[in-house]
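# Secondary and tertiary structure notes
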Amino acid sequence: MIEVRGLNKRFGDSRPTSVHALRDVDLDVAKGEVVVVIGPSGSGKSTLCRCLNRLENPTSGEIRIDGRPLPAEGRELARLRADVGMVFQSFNLFQHKTVLDNLTLAPMKVRGVGRAEAERTAHELLDRVGIGEQAAKLPAQLSGGQQQRAAIARALAMRPKAMLFDEPTSALDPEMVGEVLDVMTSLARDGMTMVVVTHEMGFARKVADRVVFMADGEVVETGTPEAFFDSPATDRARDFLAKVLSH
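A brief structural summary. (Residues numbered from 1 in each chain as written. Predicted model: local features only at pLDDT ≥ 70, side-chain atom pairs only at ≥ 80, totals over all residues. Heavy atoms only, no water.)

## Things to note about the overall build of the chain
Secondary structure assignment for the chain yields nine helices and 10 strands. The C-alpha radius of gyration of the chain comes to 18 Å, within 12% of the 18 Å expected for a compact globule of 247 residues. Seen through its C-alpha atoms, the chain measures out along the principal axes to roughly 55 × 40 × 35 Å. Sorting the 247 residues of the chain into buried and exposed places 51% on the buried side. Sequence-distant contacts in the chain: of pairs separated by 6 or more residues, those separated by 24 or more amount to 67%. Counting every atom, the chain has about 11600 Å² of accessible surface; 47% of that belongs to carbon and sulfur. (Helix = DSSP H or I, 4+ residues; strand = E, 2+ residues; numbered from the N terminus. Rg over C-alpha atoms; globule rule 2.2 N^0.38 Å. Buried < 20%, exposed > 50% of the residue type's maximum accessible area, 1.4 Å probe, protein only. Contact = heavy atoms within 4.5 Å. Areas by Shrake-Rupley, 256 points an atom, 1.4 Å probe, with all protein chains shown as cover.)

## With respect to the environment of aspartate 235
Tracing the chain through its elements places aspartate 235 in helix α9 (residues 235-244). Of the residues examined, aspartate 235 reaches a relative accessible area of 54% and is grouped as exposed. Taking the C-alpha atoms as reference, aspartate 235 lies 9.9 Å from valine 220; in sequence the two are 15 residues apart.

## Focus: the packing of aromatic side chains
What the rule picks out here adds up to three aromatic pairs. Ring centres of phenylalanine 213 and phenylalanine 240 lie 5.2 Å apart, and the angle between their planes is 45°; this geometry places the pair in the tilted category. Separated by 27 residues along the polypeptide, phenylalanine 213 in strand β9 (residues 210-215) and phenylalanine 240 in helix α9 bring together distant segments of the chain. Here phenylalanine 213 matches phenylalanine 240 in class, with each residue buried. For the pair phenylalanine 228 and phenylalanine 229, a centre-to-centre distance of 5.3 Å together with 80° between the ring planes defines the contact as edge-to-face. Among the residues examined, phenylalanine 228 registers a relative accessible area of 1% and is labelled buried. A relative accessible area of 8% places phenylalanine 229 in the buried class. An aromatic cluster of at least three residues, connected via ring pairs, comprises Phe213, Phe228, Phe229 and Phe240. Over the ring of phenylalanine 11 we find lysine 9; its NZ or CZ atom is 4.9 Å from the centre of that ring. A cation over an aromatic ring shows up here: arginine 154 above the ring of phenylalanine 94, its NZ or CZ 5.7 Å from the ring centre. (Phe/Tyr/Trp six-rings, centres within 6.5 Å; stacked < 30°, edge-to-face > 60°. Lys NZ or Arg CZ within 6 Å of the ring centre and 35° of its normal.)

## Description of the sheet that holds strand β1 (residues 2-11)
In space, the four strands of this open sheet follow the order β2-β1-β4-β5, with antiparallel pairing throughout. This sheet does not close on itself; its edge strands, each paired only once, are β2 (19-29) and β5 (68-69). Relative to strand β4 (residues 60-65), β1 runs antiparallel, the two being bridged by five bridges. Residue pairing across strands places glutamate 3 opposite arginine 64, the latter belonging to β4. (Pairing = 2+ DSSP bridges.)

## Brief notes about the packing of helix α3 (residues 99-109) against helix α5 (residues 144-156)
Close contact between α3 and α5 brings their axes to 8 Å; oriented N to C, the two are set at 25°. In terms of their interaxial angle, α3 and α5 are classed as roughly parallel. Of the two elements, α3 crosses α5, and the hand of that crossing is right-handed. Taken together, the residues of α5 that come into contact with α3 (itself represented by Val99, Asn102 and Leu103) are Ala150, Ala153 and Arg154. Classifying every residue of the contact of α3 with α5 by side-chain character gives four nonpolar, one polar and one charged. (Axes fitted to C-alpha atoms, helices over the stretch in contact; angles between N-to-C directions. Parallel < 35°, antiparallel > 145°, perpendicular 65-115°, else oblique. Left-handed = near helix turned anticlockwise from the far one by under 90°. Nonpolar A, V, L, I, M, F, W, Y, C, P; charged D, E, K, R; others polar.)

## Things to note about the pattern of salt bridges
Evaluation of the coordinates by the stated rule reveals 12 salt bridges. A single salt-bridge network, built from bridges that share partners, covers Asp66, Asp83, Arg111 and Lys161. (Salt bridge = Lys/Arg side-chain N within 4 Å of Asp/Glu carboxyl O.)

Here it is in structure tokens:
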């Protein structure tokens, strides 16, 4: 479903302070696979996630989604973004629109779905993520956990082929993290192709088909959750796990 070859991303290329955020990254994600990307802050995880639907333009390398090269711009890129849902750290809901309107806007505008069908689908998805009773509210009237579940439902309303999650729980209070992870676990169980950037090691261990460990812009190690957490192959991964699992 997703193929990445030799991906590089530099910020501030012409300046001496330029940052080489991604270095020759290769990644494959099969249809229905859940790949969890972990690593220290500044390792390039979010940049990789944002390159996968061109929120960031790669400096070099190739990305293919469902067998087709990632379009650079225009209508083809809009179509790709409809096929690859994205859930952000900061929800990114339209604050002046109701939760229901947040879910129906893109299917109607981009997919050409009629209002009645868009609203029916939206209500089904809001029920699925456990906030069906919040449809008429504005995002500010919801808790952080409810807003993130609305954001997931909004992405699902486009019927995407794959979903990208960029640290979807890091802005949430601890008691709200579980309700969002439960929705993501349910999606994984239903066979959604997912790339998840997260600090939630329990989720990675329980839900991932494969863990990708990044450091300094590179993929250092990749493997099953059991192999990675129980016997990491690199010193860098061992050091990282010693720090994050000891608290």
